[in-house]
Amino acid sequence: MNILDVAAKGGLVLDGAMGTQLQERGLKPGEIPELWNLTRANDIRAVHDAYLAAGSDIVYANTFGANAAKYHGDAPLEEVVAAGIRIAKEAAAAAAPEKPRFVALDVGPTGRLLKPAGDFEFDDAYAAFAEQVKTGADAGADLVVVETMGDTRELKAAVLAAKENCRLPVFATVALGEDGKLLTGGDVECVAALLDGLRVDALGFNCGLGPDLMLPYVERLVRATSRPVIVKPNAGLPRVVDGETVFTVGPEEFAEDVAGLVSAGARIVGGCCGTTPAHIAAVQEASAPDKLPRLTSHVLKCVISSGIRALEIPSDDTIVIGERINPTGRKRLKAALTEGDTAYVLREAVAQAEAGAAVLDVNVGVPGLDEPAVLERTVDAVQSVTDLPLQIDTSDPAALDRALRHYNGKALVNSVNGREESMSAVLPLVAKYGGVAVALTLDENGIPPTADGRIEIARRILSRGAEYGLGPCDFVFDALSLAVSADATSANAALETVRRIRAELGCRTILGVSNISFGLPARPQLNATFYTLAMGEGLSAAIINPLSAEMMTAYRAYRALTGRDRSCEEWIGFAPKVVGLAAPVGSSSSSSAAIPSGAASPLAVAIRRGLKSDAAGAARAELAAGKAPVSVIDWGIVPALEEVGKGFEEKRVFLPQLLMAADAAGAAFDVIRAELAKTGGGAAANGPIVVATVKGDIHDIGKNIVRALLENYGFRVIDLGRDVPPELILETARREKCRLVGLSALMTTTVGAMEETVRLLHCRLPDCKVMVGGAVLTADYAAKIGADFYSRDAMGAVRTAEKIFG
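What you are looking at is a predicted structure, and each value in this text was computed from that prediction instead of being measured. (Residues numbered from 1 in each chain as written. Predicted model: local features only at pLDDT ≥ 70, side-chain atom pairs only at ≥ 80, totals over all residues. Heavy atoms only, no water.)

K.L.:
Quick question: what am I supposed to make of the pairing of strand S10 (residues 266-269) here?
P.N.:
In terms of strand pairing, strand S1 (residues 12-13) meets S10 through two bridges, oriented parallel. Among the inter-strand pairings, Val13 is bridged to a residue of S10, identified as Val269. Bridge analysis of strand S7 (residues 229-232) against S10 gives three bridges, and the strand direction is parallel. By the bridge assignment, Val231 is partnered in S10 with Val269. (Pairing = 2+ DSSP bridges. Helix = DSSP H or I, 4+ residues; strand = E, 2+ residues; numbered from the N terminus.)

Below you can see the structure in the form of structure tokens.
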């Protein structure tokens, strides 16, 4: 029986933790759990048997870390994966026959942070996952589970690898922090948008949190998707009791909390770190068919996303799509794209975001350019400096394929039209990668002059979309505004089309507003008036210049006058920027009044925006103007870093922006160091600080983030890498006369190695302080293993270093 058929009839019970069960059977700190598939197969079988006896419908094979980017054992990876599937299949076959049992290929993260925030390529991550999936599918897995993901970009690579390299059902779960966000800042809704777009068969959460803390996020996820929701919580957070690492939520309490998750809408339940067969047996009752909520019908929401946030394209409101990253009629942008001047493009992106755009259009269509390569590169770069969703704008199917594949999120796709050639090229890509298609109401016969003709084309596009599994919420229809100077009826035709598509088809609409005034004087005023009329007819989105005071005045005024801007707060904030219409909305003269003068310098602004090239140029300019290097640091770099750091601590800035700001500061520091070297000076750095991922743990995402941030805050860092023995950490700290060592651990199986390292450092180097961090740690746990400081995140590590070094 197919697992999806079973899930449709009732809930499914997953298994519990593997790692902590193996620790009880003697897995040592630093030992590779997956190697037990070959060396201690009976123990792996015993864990599976126990979960199946407890009532698990699905057991996860012991393959969590068995991908080429992470695995570093001596045995061939293919043998490890195949053995893991075989052992689980044998256990499932031997289980009591009252119900079908299934084996999941367990696909965990690589332990690397993908570009642009990290140094690991998307395609390399995909290749590692693809190899694992092929091997697991060939060995007989019944489904693929992608789990414990903390980065939407890596999540997408893993899901694509699963869907493109096997025909098995695909489940996907992510690990949230206590703030309800991924490591890289993504929230519940952006995860749902991405995974819905990729058409996984079930989605949800695992690890990170106990079942009590998961409840509000499950409630949000159920509202954001109609797919079955998975929960696999930890048995609370780990604590040290009598020198042993324990999870403190017992089976009865765990099952009671899971019952609450089931009532909230979860249909597939199990346990993660610290859970045992007893926990799963208790959960069985919580997931009984009579206790399961009915699957809700899908609420039609037209949603796109970036890697950090989701955005619903509204049916009863309107949003702004920034048009300025499009070389049509823009010589300077054409030159920038031709010359590879990414800094210019990024300035345009940031300016539009600050001016109020909700989405940014990205078009690189310049004759002679390698459009697929340039579009991919430009999309990646723009996503590194803004959390806004993007509209990928190209008529080249190859460029669209490449950009959608690498896009971090669910994009708006510009465009498809009623021509068969267009529909057969674009719709499969939207269906494969997820996205919302901008559908132009034209076909082989051109643009119909009437609303009737345009709506007929819209109906045809919807019909063709349904063949690919796309529904009305997967389209935004362009009613097409044509020059009123050439046809006096064109504005009325467009407005009628907007109104009727909303009323008759229940779909969202979009317009490129400025076409209406082509060939006429005073175009901004005509455009703004037409824009207001279109919003009144129910326009969902407009592609406009958000730096145009006239257009943004029309937009803000419409929202204030129709009650969409509650208490007129947006208008009150916007009005001072357009008094007298004297400056573009996004100009620095109108947007920096609330920023302290030190932080408003070009250098500080560039750092805050994450613009490396601009930051370096601004630092050179300040030095050329005669400012002392120390002054440039104290009055430009430091205030900007403090502002961004405070934003991160207050959850207003997320990890990718924090890292890009740190990189921009690093570029400015490099300029200052070079200048000091010319004059025989030196750029003194605080430190050194030794950082390492402890023995047995090969996850270095968190440690790498801490290193990057510390370095760009002016500290000298010695990075020993991952899987580092305590003795090497001690030897390095002693040789370098370190006052601070930072230790990272992500796996529950390696926290013992962290405790051993802390103990050794305190014994041999009593003057050296130790800070620790990692997903499985808490402040209480850190204190109990003897650490001097606990850092919840990278910014916390910087604050600790500032305390130590002053």
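K.L.:
What exactly am I supposed to notice about the pattern of salt bridges here?
P.N.:
Side-chain pairs of opposite charge can arise whenever the charged atoms involved come near each other. In this structure the tally under the stated criterion is 50 salt bridges. The salt bridge partner of Asp614 is Arg347, with a shortest N-O separation of 2.5 Å. Separated by 267 residues along the polypeptide, Asp614 in helix H24 (residues 612-624) and Arg347 in helix H13 (residues 342-355) bring together distant segments of the chain. For Lys627, the salt bridge identified is with Glu622, shortest N-O distance 3.6 Å. Note on Lys627: relative accessible area 42%, which makes it partly exposed. The exposure class of Glu622 is buried, given its relative accessible area of 11%. Residues participating in the shared-partner salt-bridge network are Asp317, Arg556, Arg559, Arg564 and Glu570. (Salt bridge = Lys/Arg side-chain N within 4 Å of Asp/Glu carboxyl O. Buried < 20%, exposed > 50% of the residue type's maximum accessible area, 1.4 Å probe, protein only.)

K.L.:
Is there a simple way to explain the nonpolar core in this structure?
P.N.:
As a rule of thumb, soluble globular proteins bury nonpolar side chains together. Grouped together as the largest cluster of nonpolar side chains are 167 residues, with contacts concentrated most on Leu155, Phe205, Val218, Ile392, Phe475, Phe477 and Tyr531. Looking at this core element by element, the count peaks at eight residues for helix H5 (residues 77-94). Phe477 has contacts with Ala439, Thr441, Ala458, Ile461, Leu462, Ile501, Cys507, Arg508, Thr509 and Ile510, leaving out every residue within four places of it along the chain. Counting residues in hydrophobic clusters, the runner-up holds 49 residues, among them Leu623, Leu710, Val717 and Ala801. (Core = buried A, V, L, I, M, F, W, Y, C linked by side-chain atoms within 4.5 Å. Contact = heavy atoms within 4.5 Å.)

K.L.:
It is not clear to me how the sheet that holds strand S6 (residues 202-206) should be interpreted in this structure. Could you clarify?
P.N.:
Backbone hydrogen bonds hold the strands of a sheet together, and the pairing may be parallel or antiparallel. Across the sheet, which stays open at both edges, the eight strands sit in the order S1-S10-S7-S6-S5-S4-S3-S2 with parallel pairing between neighbours. Looking at which strands have only one partner, the edges of the open sheet turn out to be S1 and strand S2 (58-60). Bridging between strand S4 (residues 143-149) and strand S5 (residues 170-174) involves four bridges; their strand directions are parallel. Within S5, the position partnered with Met149 by the bridge is Val174. Running over the sheet, helix H6 (residues 122-139) touches strand S3 (102-107) and S4 and is turned about 165 degrees from S3. Contacting S7 and S10, helix H10 (residues 251-264) runs over the sheet at an angle of about 140 degrees to S10. (Axes fitted to C-alpha atoms, helices over the stretch in contact; angles between N-to-C directions.)

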